[in-house]
Amino acid sequence: MQNVTQQTHNTSLHDTLLTKSLSAADYVSTHDAMLARTLERISLKKEQGLRTPDELWIVDHNDVYTLGQAGKEEHILQRTDTPVIKTDRGGQVTWHGHGQLVVYWLFDLDSIGWSVRNLVSHAEQAIEDMVNDCLQNSSSSISDNISAHSRRDAPGVYLYADTDTVADNDAQVQNTSLDDRIMLGKIASLGFKIKHGFSYHGIALNIDCDLSAFNAINPCGYAGMQMLRLADFLTIQKEPEVQTAQHIHNSLSYEQVTQKLIDNIAKRHAGLIELRAIAPK
């Protein structure tokens, strides 16, 4: 793979939320910077009473496997040239790499009035909202009757196929029991770390990555878990500048998918989108 120089770009969404974009980012240096920023924010709040803006780090990682704090080596099925790094988030082993959208949530939970459960639910529901919007507005027949949902028994977001008995309308997409659907696989993973009320780490959404990297592990500790990517259900633009007008109309770019997700998260952070009730098991 061609070596790409890491680039950083910062943007302010509103007074209390900033974004930071990192491309071709090595995991260790990114994690160290994220932890250092979190510790700095904790210190500023404790010692000076300062509320610093929360941050969303939008990261394109170089290929890496990461093993969570209580992660078990047995879930690494095959050693490859891709490095395996132990980290301090929750969860088991996963993969990050190009074509996958990673968003780290550096939030002061107390200041925005969120519990840890709220954080996890907002993360899952933001992904659900964005993926379902993309699927429902796609011109591809592959996405018909496919919808994204979280699960009570396993963190993350999964794609489900509707059975013939499930009508195609927004209310039933949200309210119908998952027992009436067929799970196709997992499209997004999440894992957070909370330190003194501040969160870091976050979510990983497969957009147009090479899913074969997951063959060497039990993703998130689940043997046989089928990993999915958005590009298999709708058209993702590779190079928007060379696409025809028709192609652009019928597809989304990686950047557009990213912006849809960030916009949804920003609204949740600002209190403009409330949590939906969590469906029973």
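Our subject is the structure that appears above.
Now for a quick tour of the structure. (Residues numbered from 1 in each chain as written. Predicted model: local features only at pLDDT ≥ 70, side-chain atom pairs only at ≥ 80, totals over all residues. Heavy atoms only, no water.)

Points about the overall build of the protein chain
Defined as follows: A run of H or I in DSSP becomes a helix once it reaches four residues, and a run of E becomes a strand once it reaches two; helices and strands are each numbered from the N terminus. Any residue under 20% of the maximum accessible area for its type is buried, any over 50% is exposed, and the rest in between are partly exposed; the area is computed with a 1.4 Å probe on protein chains only. In these tables, accessible area is a Shrake-Rupley quantity obtained with a 1.4 Å probe, and a residue counts as shielded only by the protein chains included in the view.
When its secondary structure is counted, the protein chain shows 6 helices and 13 strands. In the protein chain, which comprises 281 residues, the share counted as buried stands at 50%. Carbon and sulfur atoms form 48% of the exposed surface of the protein chain, whose accessible area is close to 13700 Å².

A few points about helix α1 (residues 27–48)
Owing to its 3.6 residues per turn, the α-helix brings residues three or four apart onto one side. To keep things clear, this is the line we draw: Expected helix span is taken as 1.5 Å per residue step, with the number of steps being one fewer than the number of residues. Arc definition: directions from the helix axis to the C-beta atoms.
Between its terminal C-alpha atoms α1 stretches 31 Å, which fits the 32 Å expected from 22 residues at 1.5 Å a residue. Taken residue by residue, α1 has Tyr27, Thr30, His31, Met34, Arg37, Thr38, Arg41, Ile42 and Leu44 as its buried positions. The arc that holds the buried residues of α1, viewed along the axis, is 160°, so those residues lie on one side. Exposed side chains of α1 directed beyond 90 degrees from the buried face belong to Lys46, Glu47 and Gln48.

Quick look at helix α3 (residues 116–136)
With 21 residues, α3 extends 30 Å from end C-alpha to end C-alpha; this agrees with the ideal 30 Å at 1.5 Å per step. The buried count for α3 comes to 16 of 21 residues, which makes it a mostly enclosed element.

Section: the nonpolar core
Rules: Throughout, nonpolar core names a set of buried Ala, Val, Leu, Ile, Met, Phe, Trp, Tyr and Cys residues whose side chains join them through atoms within 4.5 Å. The contact definition used throughout considers only heavy atoms, calling two residues in contact when any of these lie within 4.5 Å.
Grouped together as the largest cluster of nonpolar side chains are 43 residues, with contacts concentrated most on Trp105, Phe107 and Leu205. Residue contributions to this core peak at 9 residues, all from α3. What Leu205 contacts, discounting residues up to four positions off in sequence, is Gln100, Leu101, Ile127, Met130, Val131, Ile187, Ala188 and Val257. Judged by nonpolar contacts, the second largest core, of 16 residues, contains Phe214, Ala216, Met225 and Met227.

What to know about the side chain of Ser138
With respect to the secondary-structure elements, Ser138 resides in the loop between α3 and β8 (146–150). Setting aside anything within four residues of it in sequence, one finds Ser138 in contact with Ser143, Phe233 and Leu234.

Observations concerning the pattern of salt bridges
Stated precisely, the cut-off is as follows: Definition used for salt bridges: Asp or Glu carboxyl oxygen within 4 Å of a side-chain nitrogen of Lys or Arg.
Summed over the entire model, instances satisfying the criterion amount to 13 salt bridges. One salt bridge connects Asp129 with Arg276, and the closest N-O pair in it is separated by 2.9 Å. Here the residue Asp129 occupies a position in helix α3, and Arg276 occupies one in the segment after α6 (254–269), the gap between them amounting to 147 residues. The partner of Asp162 in a salt bridge is Arg181, with the nearest N and O atoms 2.2 Å apart. Highlighted residues: Asp162 in strand β9 (residues 157–162) and Arg181 in strand β10 (residues 181–195), separated in sequence by 19 residues. Residue Asp162 shares its accessibility class with Arg181, and that shared class is buried.

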